[in-house]
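Structural overview
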Amino acid sequence: MAAASEAQAGPPQTSQDILGQVRKFIRGANYEEKVSGEELCQSALYLLRTLPAARHAVLEYLCNVFTEAVNSHLLHLQLETTVADEDGVKFDNIIQNASGVLLNFVRSNPAAWAPIISSWSLELLGQISRKYSQRHGVPHSDSLNEVLQLWMTCGATKALIEIATECFDAMVCGAPDVCVDSLLEASVKYSPYFDWVVAHIGSCFPKTIIARVLMCGLKDFCTHGGGQSESTSSATSEDKTPKMASVVGILGHLASKHGQDIRRSLMTLFQESLTAENDPRKLSTVPFLLQLASMSPMLLQVLTTDFLKALTPEVVNKLREQFSQWHSLNLGDYDSLLSLCVHLVMKSDVGAHQVLQFLLDVAFPSPQSAGSMQTEGYHPQVQTICLSVLEQLTSDLQKAVFNRRQSSQGIPFLASLSSCSTDLTRQLLNADNQSSEWIVRILGYICLYNDVGCASTVLCQIMTEAQTPKQVSRFIHLQTFLETRMSKILRATVDKIVDALQPSRGINKAEVLRNLLYVVKWEKRPTAQESESVRCLLHTALQPHITLFSSLLNHPDDNIAVATLELVQVMGIPRSLQSNVLLHLCHSLTSILFRAFGNPSAKQAGKVVRLTKTCVNALCAQPCAQSLILKGLIEGSLAPETRELFGGKIDLTTAKAPAPSPVSLFEENCKHGVSMTLPQSHSSVFHAGIIGRGLKPREKPSSFSKDQIQRNKSHLLDVLWLASSIVSVSHYHGSGDAVSMETDSGEVNTRGSGPSPTLSRKIAGMLVHLVTPDVLYNSIAWPEEDFLRATIERDLHVFKQFEENPVLWDVMELWSTSQMFACFCSPVLRSLTATLIIHFENARDKSARNSPKQLEYARRVVYCLKRGNMLPSPLGMIGEIFQDLSPFEVHLLLLNSWRYIKENPPQLDGPPRECDSHYLDVLRAVLHKNIGKLGHHYSRMFDIANSTAS
């Protein structure tokens, strides 16, 4: 020290000179005599250079000088004066001289002076910062930039910070612990007013300060509790928190500009701890880092991002070994450390998804990674610890979420995971049974933490992306979990699912419909109804959206249409529907039924028919729907585009014009030109085709087999009879606002007591309207035989309708047992009979069998007249002998039947008719003439007639 003083003193000084300066300094400092500030400062600096023992007194005096300078500066700022007065100039000169001397000391002999001046300058800066923190015009300590700007504009504090920085620069290579310890001690003592000093010095030496601050903090952590048991004294434990807070504060100030340096230093500290063997300080590194992270969100972010990436199975297993050693030294801190880990996870706002994924991967390793020989697996103890963390984490999340109404604090972990809910939902769908339970709980807390919108989005995603029943079942689990706090969650979810099913959305609609169907079927099981009595039912929430499902029934994709039909059948149809919805639903059901008729697979077609019958049975509880369905079925069976399904003929003349044919129409007509054309023949008019349309179309063979046509007819008649029958609802499913006609055996009751009289009249009116060309001559009564000439064109039109649509005969026969139907369908039966009478009258064949089509029609007409109680026995039995008669004899029998109906008009209701004997003369004569072939019919027919007459 003496050598340093001599080096600074310049020319040799006598003892008398030094003694005189001492007396002058003491009298001036004690105000015993008036000495100017500049003179007193010069005397103090002289003593500092020449008398080392006086340094404490001189530095204490300089503290007062710097404090007075700061006070003067703040006073000028408070008074808003811009012109410097004499005091300001005086203080500037004194500060400049003092700082020059101190800086020379540090530069000339840093080993001796840097620690002393560094501690003095930092202490003085701390005192000044705290003393004037409440002065008017001084910004709050939270506004670090404003505070830093204020003090750096003050000459005194600027000089002090420069001195402190110079000391750090001198000591940073030789004694970094000393400078960092002094900085930490000052920070602990004067925080938060001292933060601006830390920020400035740290920004000048970021790498060194960060590394040394971390090492000093770790050392202090190990000394005051990091490596000790709970028996540590209360005094040392009190010292632990301020020092840790100071470390966190310094790193926090440096994070904005030197974040990467902090990350690298933390990672270096962590990696060095893995290479240590039985070093108590290294063993406490991870607990130290966890403690730091709990006090700083920035450090926690580093922990949840950079550190997490470094936690390979090898590293984790190494940490387990260190943890075992640490645990043996800190038996009482095990639960506290686990609680700290859970607390850190709860506070994670960045990297939360990665943290959760890490916990799940460790606790439930995938079979692929567990069975791989190239990757090291996690130790079983590590898995057990992760399970404990997950269990405590979910427990704390539950408390935090359910108590959120009483507390306004957020949950950073759930807030961060909210943006990852889509990925978590996909992870849930692909997870195994063990991990799925934890993901369901985490997802549930995320949804409860946010709102119904988030929860409905998650449930909608499960329903739209699930591909297996196992995945769909997780929808049920999560829905049940959420309904503890969100009573309207299912309704909101269904709204989003319905929106996803709109035509503009590009999702797999068939898959979504199958998933909905799985849940609805599960709800209908008795076991599900008993176990989930509190849970809201999906099929009840789907029923208000019957309009959408009605539209999907017409989807061009058969898979989507059939899946929709099955869903509608299982969930039930609401009992009260608006008229437009009801109309659209009835039309959609008939459309999908006719599409099924065209399916070559009998199994698939049968499934659609069975489902449609269930829906039709439910709808027919409403009279309006019953009429709509019947009308749609009858009209659909006669439509040009569907009549082929039931054996009908295709009208090729009205079909779309074919593509230009390479065959020349002129050449084809020339071929006919060289041949002889018959007068009044179609060949003389049309020849081979029509100009503009090409060749005459040949009759197209049916693309459906006889078995398929017969099957389609059977299904159509079955549905028609079901729709027209008076049925009772066997089961009401749901809350009473929807009806489903599914019986206990899963089949639908397809036979009731038959159509009511009112409905029979409607059905007959539909047929008459569709078959007859106009409303003329649609009276029930049958006219005189001569009147047939007036209606011949009309009758031929009706006959042609039955030729082109053979299914009309089946429809007529289906309902002909109803007298009301037969009565009001009398115009159609009359036209058919009239056409047949004229045909057989003009036929010149020996046997009626030569007109097979007309013969078959004659039989069926008589059959319908008999079933409708319009022809009594034995007139109703004449169809049995037509094939053995001549055309004229058939003509006579039909004409005789015409006369009977003319004289005995059709009845709307009544007992079976009796046949007078004079109506049997023609029949008796025909039988007598053909007694050899029809003798066995004679006795039977007239025995019936006699018994009826008696």
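Above this text you will find the structure in question.
Definitions and cut-offs
Residues numbered from 1 in each chain as written. Predicted model: local features only at pLDDT ≥ 70, side-chain atom pairs only at ≥ 80, totals over all residues. Heavy atoms only, no water. Helix = DSSP H or I, 4+ residues; strand = E, 2+ residues; numbered from the N terminus. Buried < 20%, exposed > 50% of the residue type's maximum accessible area, 1.4 Å probe, protein only. Contact = heavy atoms within 4.5 Å. Areas by Shrake-Rupley, 256 points an atom, 1.4 Å probe, with all protein chains shown as cover. Expected span 1.5 Å × (residues − 1). 1 Å grid on protein atoms, 1.4 Å probe; cavity = no way out; pocket = protein on both sides within 12 Å on 5 of 7 lines; lining within 4 Å. Points joined across faces, edges and corners; volume = space filled by probe spheres on them. Nonpolar A, V, L, I, M, F, W, Y, C, P; charged D, E, K, R; others polar. Salt bridge = Lys/Arg side-chain N within 4 Å of Asp/Glu carboxyl O.

**Focus on the overall build of the protein**
- A tally of regular secondary structure across the protein gives 45 helices and 4 strands.
- Evaluated residue by residue, the protein yields a buried proportion of 50% over its 950 residues.
- Sequence separation of at least 24 residues holds for 75% of the intrachain contacts in the protein that already meet a minimum separation of 6.
- Just so you have it, the protein exposes about 45,500 Å², and 53% of that area is on carbon and sulfur atoms.

**Quick look at helix H17 (residues 334–347)**
- Helix length check: H17 (14 residues) gives 20 Å between terminal C-alpha atoms against 20 Å at 1.5 Å per residue, within 8%.
- If you check which residues of H17 are buried, you get Leu337, Leu338, Leu340, Val342, Leu344, Val345 and Met346.

**Focus: empty space enclosed by the protein**
- Under the defined criterion, the tally for this structure stands at 3 cavities of 30 Å³ or more.
- Computed from the structure, the largest cavity encloses a volume of approximately 870 Å³.
- Along the wall of the largest cavity there are 33 residues; nearest its centre are Val286, Leu290, Leu311, Leu319 and Cys341.
- Every element with two or more residues in the lining of the largest cavity is listed here: helix H14 (285–295), helix H15 (297–310), helix H16 (313–329), H17, helix H18 (352–363) and helix H20 (380–402).
- Taken together, the residues of the lining of the largest cavity sort by class into 29 nonpolar, 3 polar and 1 charged.
- For the second largest cavity, the full set of lining residues is Leu266, Leu289, Leu292, Ala293, Leu299, Val302, Leu303 and Phe307.

**With respect to the pattern of salt bridges**
- Counting across every chain of the model gives 29 salt bridges.
- The partner of Arg643 in a salt bridge is Glu804, with the nearest N and O atoms 3.3 Å apart. Here the residue Arg643 occupies a position in the loop between helix H34 (623–638) and helix H35 (665–673), and Glu804 occupies one in helix H38 (residues 792–804), the gap between them amounting to 161 residues. The pair Arg643 / Glu804 is uniform in exposure class, with both members buried.
- As a salt-bridge pair, Glu889 and Lys929 come within 3.6 Å of each other at their nearest N and O atoms. Pair noted here: Glu889 is in helix H43 (residues 887–903) and Lys929 is in helix H44 (residues 921–929), with a separation of 40 residues, a long-range link.
- Residue Lys929 is classed as exposed on the basis of its relative accessible area of 65%.
- Connected via shared salt-bridge partners are Lys713, Asp810, Glu813 and Arg860.

**With respect to unusual backbone geometry**
- A cis amide bond links Ser873 with the next residue in sequence, Pro874, at an omega value of 5°.
- On the secondary structure map, Pro874 appears in the loop between helix H42 (852–867) and H43.
- Here Tyr777, not a glycine, exhibits a phi torsion of approximately 60°, which is positive.
- One can find Tyr777 in the loop between helix H37 (757–771) and H38.
- Among the residues examined, Tyr777 registers a relative accessible area of 39% and is labelled partly exposed.
- Even without being a glycine, Asn869 presents a positive backbone phi close to 60°.
- We classify Asn869 as buried; its relative accessible area is 11%.

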